[in-house]
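# Examining the three-dimensional arrangement
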Amino acid sequence: MSHSDLLMKTEMAMPRTLKQACEVQSNGLHDKNDIPGMPLPVLKAAGIDLMDHWKEGLTAPGQVSNLLALRDPSLHRLSADSIGALCTLSAIADSTAVRKSAPVIAQAAESTATPQIRNVATAGGNLFQRPRCWYYRAHQFDCLKKGGHMCFAVEGENRYHAVFGNGPCHIVHPSNLANALSVCQAEVLVVSSAQGTEEPRRVPMHQLFCLPEDRLKSEHTLGPDEIAVGISYRAAPHSAHYEVREKQSFDWPLVMASVALDMRDDGRTIAAARVCAGGVAPIPWRMPQVERALAGINVKDTQRVRQACDLAIRGAQPMSNNAYKLRILPVAVSRAVRLAVG
Amino acid sequence: MARTSSGIQNQSGDLDVTHDLPTSNRTYNNVTMDDVTSRVDAVAKVTGRAKYGIDQIAGPTPLVAGFARCPWGKAELTGGSLEAAMNIPGVVHAEWTGEDIGRECQYHGQPVAVVVAESVSAMRAGRLALGLTWDRRDCDHDIESAQPEPPALSEEQVEAINNALENADFVVDAVYSTAVQTHSCLESHGATVHHQGERAVVYGSTQSNYGFRDGLGSALGLPVGSIDMHCEYVGGGFGSKLGPGKEGVYAARMSKQFGKPVWLFCDRDEEHLDTGNRPSSRQHYKLGIKTDGTVTGGHILTCGGVGVGGGGGGVCGHRYNFGSVIRKHVDVSFSGGGPKAMRAPGHPQGMFAVELAMDELAAVAGIDPLELRRMHDPSAFRKGMYARGAELIGWSNRKPNGSQAGPIKVGYGMGICDWGNFKVPAQAEVVIHRDGSVEARSGTQDMGQGQRTVMGVVAAHHLGVPLSVVQAKVGSTEYPPGPASGGSMTTTNTEPAMRVAATEAKKQLLARVAEQQQLDADDLAIVDGNVVNGSGKAIANWRQACAMLTGPITAPGSVGRSDPTLRGQGNSEGVQFVKVAVDCETGVVRVLDIVAIHACGIPVCRKTAESQIIGGVIQGISFALFENKLLDRQTGAMVNANFEQYKIAGADDMPRITPIIWVDPDATGTRGLGEPPTIPTSGAIACAVFNAIGAPVRSSPITPDRVLQAVTDAQAPKGGDA
Ligand SMILES: Cc1cc2nc3c(=O)[nH]c(=O)nc-3n(C[C@H](O)[C@H](O)[C@H](O)COP(=O)(O)OP(=O)(O)OC[C@H]3O[C@@H](n4cnc5c(N)ncnc54)[C@H](O)[C@@H]3O)c2cc1C
Ligand code: SF4
């Protein structure tokens, strides 16, 4: 950012309809009259993460499109299989429909950040918030993610960084919600001018986020003209979210685990399991080896459950200061399994 | 969880709970002892009506000044242009704070230039437009990387140490360390200064209203008597706001230069980087103990990590009798912001090590740590608190170290403190107006201790009127000089001054009533706001009595350094007991319960005193478990200069805290309570964690990674442990 960014005025669009929002997002605020080369507007939901970037001097957008102005009620809808992009984390946590259908989602929303943040933070914003790597967040470190030549975490302070994902950037994905949705076969619904607003594009969770080796400067695959309008998910009544936190609020978890189990009719045997770990990789990190090992196990057989969960660390490559996460990870997974069984 | 019980106790341990008290005011040895009054300015504070220094605008819209700072641990300034900054619309001025291009900066956050502008955004744009470029250098970022020389010991000292250790049955040889803690004041450091030619008006954020003013005289080029200083509310100081600092000085210089008010307050990152801190420590203990519990001595070799500060890293851990101990201390420099006094400077880090060493000695000797403390605590008075604290925390449920099954293990620990009783000159005055209103004034300040409440309660009590007629006023040089709030001495020194002033004001009022009513003044008294005669008959109510005045009464009260009758003698003392739960599979420590018993002489105002205890305990929990100013090992830059990654205990991390004020029957006055309650907490927590898992975590903050390491150590085969 240069000083001229700071003096630049920021314009804010207040789109009322999704169609308007899409237009703004593909053409800018002044419809083709924009200064050539001017970047497209930045989407703002509650703006928590956007303002964090602004205050740190990481961004100073010339144009902002305020999604909170949208009057479309579907953006606030919450049901047993869908979440509107503008639903707040509090609304998700408090929704009986969500809690019954997929407890893991409600629990993940409920444990995020602080009550004040949950009361305004939106589902969409939570999914697309940027990483919390301290080198990324401090302006003087010109690291890979910001177009520089090195990852400062490799030789530096990496206690909160990734143990999976192979770099070259070692962030952990910050979103609680993304982790929980990953075990609910969720899809994110996306609209744009090109796509139209009638038939949103459906992006499954495993295609929504991308590893640094594929894309360094962004953590997701949406284009700058695309807007997430909602999430559809499948019921996961035997599901749970478990977090290990240094501080119990106003902080991100060190490690989190979301688990959804399909149970056989006997109510004791796991038919299939979906397991996703957070705080350990640049994207929500599915654990197929654990999922396979859990399938067919009787949940009362704590030893076999524990053995299956111990596979969680397979393939991990801890950095100089974060091997402790490998101690915590299997514990978090097995506790989530226990909670999911109920 | 909220605090559930509290109260004032005497040595026999009878709980004297608030609602049992018949009246709000009692005296003890002529000192007010109020049990019911709540903080008088609480509503103003939580509704935003209270204006802090950072909120104040002295007259016209001020210019905004800010520092440009070095972004690395060590770096040479290789380029930058003041002119480029001044070309930014709205920027009025830019200057280097020292050498210009070529300057080698020594820590992240060191100011190199100051920019003055018409708005915050213009100032920030100007700061960026300076276009500073840096050549980063390698640097040391903590005590370890600075590789301090081991302290030189003379032959006699080595011999003394060896003798002490040879006399012992067991030896504890351990290195303890504590991280840098920043003051983290919610209101940042700074001031608005308006130089108006012949005089100046200053709104600052300070814990020494008069000290701040006096520190600005030369920057403003004015005699200090021509400077009006205001600081009505302070959002935390903890030792870091005793003088004007570079923020105040630059605001003053710029205001003088431009003849306009200048506002200069730090941002959050600047607060963490450059407004002082509690320095880190490394403490090498080698102590011997006999099976009967006698500690034979040894050595305590300590380092303080003071960054670029020349000193101030001393650790204070002289509390138990450790036999013949050789102590040596060195301060270690590296590329980090220097320290400033912080709430009991040197003590929490010292007692972190002392208490844990005590528990390690107890463990090797197979003695209950409470019993070992009974043997070695030199204070009989403090030992009087032990039984009550042990009972309230449930010490009898304490299991031997590391002996519990299951992943969640409960541990108990304790710690002690004491604090000197510092006496400084202090003045106050009580003004009685003809309409019956009363002002209780002192130019001291309230940084959260509840100074208005204390002064109001004392004045009302000694006048004999309800608190509702008294307005307590602090935070202005319009009022007589009051003490700085450092060293836990605000209440200890303003209480006697206010007592004298109120007593004198009452005397003058009664003299006037006697004169008017042709009565004998010696026969009159004020009871519940009424002037009564010797037989208790009301002569006049408060308003009527004040209406008899021909003008306001202004009665001064002051105490000199050597006025023993007006002050409490002796020290403040305390013990804290802690109960924690450690999750040995995840390493997460949760503090469940803290009983904090503190003696502060006569508690003038119980609720604000309890609030001091609770605040100190919270800061101690935070120090034990979370806080860590972390400098990047590669670049020396602080990676967590914000409130998100610099972790401070929050509401969900709070245990049940039970503050207990222990009354000393021999107390003659008040004693300090600002600092002592933060001294024992972190050490007690470390002991409780040791008790739970069976191996000590010798470094603060006690984070999950360290706990898991200790759990591994505890499971490893080892020799004699209790
Ligand atoms: C102290 C603290 C602790 C926190 N702890 C946690 C935690 O434990 N777990 C956790 O998950 N989060 C945590 N958070 C982060 C917080 O939950 C997010 O910042 C918040 O959810 C963002 O929501 P928002 O609506 O404000 O997003 P915004 O700031 O408005 O947007 C965030 C990003 O998403 C993009 N965006 C927003 N909406 C859309 C959309 N509909 N389509 C496409 N792009 C969109 C924006 O362009 C922007 O890049 C914490 C935050 C703080 C400050
Ligand atoms: S982990 Fe990623 S964001 Fe952090 S320093 Fe490395 S490259 Fe930058």
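The preceding data block contains the structure.
Now for a description of the structure that goes with this document.

### Notes on the sheet that holds strand E26 (residues 530-532) of chain B
Residues and elements named next belong to chain B. One open sheet holds the three strands; their spatial order is E25-E26-E27, and the pairing between them is antiparallel. Strands at the two margins of the open sheet, each flanked by one partner only, are strand E25 (525-527) and strand E27 (538-541). Averaged over all pairs of adjacent strands, the angle between their axes in this sheet comes to 35°, without regard to strand direction. One ladder, built from three bridges, connects E25 with E26; its direction is antiparallel. Following the sheet pairing, Ile526 is matched in E26 by Val531. Along the sheet, helix H14 (residues 490-517) contacts E25, E26 and E27; its crossing angle with E25, the most-contacted strand, is approximately 110°.

### Remarks on the packing of helix H10 (residues 347-365) of chain B against helix H17 (residues 681-693) of chain B
All names here are of chain B. Contact geometry for H10 and H17: axes closest at 7 Å, N-to-C directions at 30°. Viewed along their axes, H10 and H17 adopt a mutual orientation that is roughly parallel. Between H10 and H17 the crossing geometry is right-handed. Contacts between H10 and H17 involve Pro348, Met351, Phe352, Glu355, Leu356, Asp359, Glu360 and Ala363 from the former and Ser682, Gly683, Ala686, Cys687 and Phe690 from the latter. Across the contact of H10 with H17, the residue classes tally to eight nonpolar, two polar and three charged.

### Section: the pairing of strand E31 (residues 656-662) of chain B
Residue and element names in this part refer to chain B. Summarising burial for E31: six of the seven residues are buried, a large majority. In this structure, strand E30 (residues 589-599) lies alongside E31, joined through six bridges in parallel fashion. Opposite Ala596, over in E31, you have Pro659 as the bridge partner. Tracing the backbone out of E30, into helix H16 (residues 606-625) and back to the parallel element E31 gives a crossover that is right-handed.

### Here we look at the interface of chain A and chain B
Across the contact, 37 residues belong to chain A and 42 residues belong to chain B. Here chain A and chain B share an interface that buries about 3,400 Å² over both sides, 57% of which is from carbon and sulfur atoms. Where chain A touches chain B, the interface holds seven salt bridges. We note a salt bridge from Lys647 of chain B to Glu246 of chain A, for which the minimum N-O separation is 2.8 Å. Across the chain A-chain B interface, the total number found is 16 residue pairs in polar contact (both at pLDDT 80 or more). When contributions to the side of chain A that touches chain B are tallied by element, the ones reaching two or more residues are helix H1 (3-7), helix H9 (134-137), helix H10 (152-155), strand E8 (239-244) and helix H15 (324-341) of chain A. Ranked by residues supplied to the side of chain A that touches chain B, first place goes to H15 of chain A with five residues. Of the residues in the side of chain A that touches chain B, the class split is 18 nonpolar, seven polar and twelve charged.

Criteria and cut-off values
Residues numbered from 1 in each chain as written. Chains lettered and ligands numbered in written order. Predicted model: local features only at pLDDT ≥ 70, side-chain atom pairs only at ≥ 80, totals over all residues. Heavy atoms only, no water. Pairing = 2+ DSSP bridges. Helix = DSSP H or I, 4+ residues; strand = E, 2+ residues; numbered from the N terminus. Axes fitted to C-alpha atoms, helices over the stretch in contact; angles between N-to-C directions. Contact = heavy atoms within 4.5 Å. Parallel < 35°, antiparallel > 145°, perpendicular 65-115°, else oblique. Left-handed = near helix turned anticlockwise from the far one by under 90°. Nonpolar A, V, L, I, M, F, W, Y, C, P; charged D, E, K, R; others polar. Buried < 20%, exposed > 50% of the residue type's maximum accessible area, 1.4 Å probe, protein only. Right-handed = clockwise from strand over helix to strand, strands pointing away. Buried area = accessible area lost by both parts, 1.4 Å probe. Salt bridge = Lys/Arg side-chain N within 4 Å of Asp/Glu carboxyl O. Polar contact = N/O pair within 3.5 Å; in protein donor to acceptor, adjacent residues only side chain to side chain.

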